[in-house]
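Read off the chains here:
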Amino acid sequence: MKAGYSPNLEGDLIRLLSILDFSRNRLEQIPPQKGAILVLKQLHFMVNAIISVADQHITAKVVSRDANSALKKIIEFYAIYRSLLPDSPSLHLMALFHKEELAFQGEVYQDLFCRCVNLFQDIVQSYFSLFTQRFESSLKARDWVEVAAGFLVELKQTTRTMQATAIA
Amino acid sequence: MLQAPASDLLRQGIAAARAGDRAKARILFRDATNAEPTNENAWLWYAGMAETPFEAMACLEHVLSINPNNERAKSGLKSARLNAGVAAAKANDRGLARELLLRTAEEDPNNETVWLWLSGVTDDPYEAVSYLHRVLELNPNNERAKTGLEFYQGRIRQLEEHQAAWSCPVCLSKASEPETQCHCCKSILDISQHEMALNNAEVDKERVRVGLARLQASLASRDDYATHYYIGMAFLNLGKIDDALGHFYDARRHNPDDEGFIAQVNAIQEKWTALPPAVPEVAPVPADVANTPDKPTRKDPQFVMIVDDSPTIRKLVSMTLSRVGYQMIEAGDGHEALERMQTEGIPDLILLDIGMPGMDGFTLCKILRNDPQTAKIPIVILTGKDGLFNKIRGKMAGSNLYLTKPFQPEELVQIVQKNCGVPATVGV
């Protein structure tokens, strides 16, 4: 058995992908005029979901160059998210009484937003590839790879539409 | 004299490769192969560290020139050739990609990736479709192949629309001019030839049944003369005269002035049935949309159908349930679900999404509940819509349970096991 391999990995990935696909559908339903803040929050939620699975299966023992690079992308994503939504409350209850606004407008916003979406796409791809490496064998990873590849294609279409809307 | 430095270089190269220093390892392996060009191991390691798949191929070919029976080199060459083909395809060198991929396909015909890439580097959509069919033969759930197939079939349709002026209403195959007997499904389409239709031995029943299901499903949105007429003709070709007459009566109701058609219907009735000769004033109720003939029924109690427009959810549910021994049938919308039931039989449980293009989940649920053959199947709605209104609509449509996305795999398995029974192969 591969070192650090967890028998729960496949179940956790199914749960994660179910959450991500559900969130992707919600992203598609966000109306363009209300877009940016809701989109950013949804992306933030999806990244958090990925991190919670990564915490369980990509431990300090298996950190590699790929894992470090994925981690850097997450840090950059959070940095951009915080710069776009600096006052975003971390608690849901607080969010009810808080009117959020984007810190930037115009071209700066567009650049940051598109970078944020690109980073999100990279994060998903990097972590999917890291999760794939955690499988006991490539044969066991086959189903996961297939479903993840299909999801990435759909996600790319969704993010492309979001970026086009943001630029328009 | 050369043996010692070559083996040292090889040892150092292996150490560098294991430490992850590919650049240093590559230089050491190159030196080792220069020092001892007949050392198979050095060439194999060099291939493993090669910068490009083309370089790896050259190294592995060298190994095989030294020892044609080296199995590692043989298998490595297959994957290196595939990688080289993929790299050439990405670099838009379609000729080279095609040549390499075709050679890989000859050596490894069960590798779906090769066929998938081959479909991408060919200019002929018919050829691409044949490659994609090959992928789906190897793995019927390959979503990329399905998407590719839809794309190329669309291109073929576009091409044929330029050439063809007529399509068979039953199987949708194209022809340059209208046919009284379809060249593809062989069904007779002219009511004046009803005797031939009823004794049609060469008809492709499978195609006709699929076409019939599509026509019946389209009745919900297009209840007209032509639809009833062709449903009737499809039934005639399948030898179901009573069902055919039912639809001919409906067609007559839509077009009461067509005396030629009415005469033909009367002739069929007089000749082939024991019913009274006159056409009844009130037409019989048409067969239900889902109630088609010869619907296969399964004896095995472990078939689950997932109907969802999201391929990701379909695959996730399939993965979850097939792990505990269920056989899965996937469908992307209500129409496809009905077609799959025609061809593959009635499942023991249906997981159904609500919001789908074409026929939505509520409509499909109602259709299934109105059909005596499917009325008792447990239907679990699996949707992202969690409002009370939708739950009530689901209940009214006849669903047994309402689950919301994102789903929990354990919960889904429990629900399926509770409603459909535990398969005999659990734990395998």
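Up top you'll find the structure we're talking about.
Reading the values: the criteria
- Residues numbered from 1 in each chain as written.
- Chains lettered and ligands numbered in written order.
- Predicted model: local features only at pLDDT ≥ 70, side-chain atom pairs only at ≥ 80, totals over all residues.
- Heavy atoms only, no water.
- Helix = DSSP H or I, 4+ residues; strand = E, 2+ residues; numbered from the N terminus.
- Buried < 20%, exposed > 50% of the residue type's maximum accessible area, 1.4 Å probe, protein only.
- Contact = heavy atoms within 4.5 Å.
- Expected span 1.5 Å × (residues − 1).
- Arc of directions from axis to C-beta.
- Buried area = accessible area lost by both parts, 1.4 Å probe.
- Salt bridge = Lys/Arg side-chain N within 4 Å of Asp/Glu carboxyl O.
- Pairing = 2+ DSSP bridges.
- Axes fitted to C-alpha atoms, helices over the stretch in contact; angles between N-to-C directions.

(A) Spatial organisation of the overall build of chain B. From N to C terminus, chain B includes 19 helices and seven strands. When each of the 428 residues of chain B is scored for burial, the buried share is 48%. In chain B, of all internal contacts separated by at least 6 residues, the share reaching a separation of at least 24 is 55%.

(B) Just helix H3 (residues 65-84) of chain A, in detail. Residue and element names in this part refer to chain A. Taking 1.5 Å per residue as the helical rise, H3 with its 20 residues ought to reach 28 Å, and the 29 Å between its terminal C-alpha atoms agrees with that figure. Along H3, the positions that sit buried rather than exposed are Ala67, Ala70, Ile74, Phe77, Ile80, Tyr81 and Leu84. Taken end-on, H3 shows its buried residues confined to a sector of 145°, consistent with a single buried face. Seen from the buried face of H3, the exposed residues on the opposite side, beyond 90 degrees, are Arg65, Lys72 and Ile75.

(C) Representation of the interface of chain B and chain A in the model. In this assembly, 21 residues from chain B lie in contact with 18 residues from chain A. Of the roughly 1,800 Å² buried where chain B meets chain A, counting both sides, 60% is carbon and sulfur surface. On the surface where chain B and chain A come into contact, there are four salt bridges. Counting residues per element, the ones that place at least two in the side of chain B that touches chain A are helix H15 (311-323) and helix H19 (409-420) of chain B. Per-element tally for the side of chain B that touches chain A: the top contributor is H15(B), with eight residues.

(D) Up close: the environment of B:Tyr46. Residues and elements named next belong to chain B. When you line up the elements, tyrosine 46 lands in helix H3 (residues 40-48). Residues tyrosine 46 and leucine 60, spaced 14 residues apart in sequence, show a C-alpha to C-alpha distance of 8.9 Å. What tyrosine 46 contacts, discounting residues up to four positions off in sequence, is Arg26, Phe29, Arg30, Thr33, Glu55 and Cys59.

(E) Expanded view of unusual backbone geometry. All names here are of chain B. Of the consecutive residues lysine 405 and proline 406, the connecting peptide bond is found in the cis state with omega at -5°. Topologically, proline 406 is positioned in the loop between strand E7 (401-404) and H19. Phi is positive for lysine 186, close to 65°, though the residue is something other than glycine. With respect to the secondary-structure elements, lysine 186 resides in the loop between strand E2 (174-175) and helix H10 (194-198). Residue lysine 186 is classed as partly exposed on the basis of its relative accessible area, which comes to 30%.

(F) Main features of the sheet that holds strand E4 (residues 327-331) of chain B. All names here are of chain B. Read from one edge of the open sheet, five strands run E4-E3-E5-E6-E7, paired in parallel fashion. Each edge of the open sheet is held by one strand with a lone partner, namely E4 and E7. Each neighbouring strand pair of the sheet contributes to a mean axis angle of 20°, computed without reference to strand direction. Along the sheet, helix H16 (residues 334-344) contacts strand E3 (303-307), E4 and strand E5 (349-352); its crossing angle with E4, the most-contacted strand, is approximately 140°.

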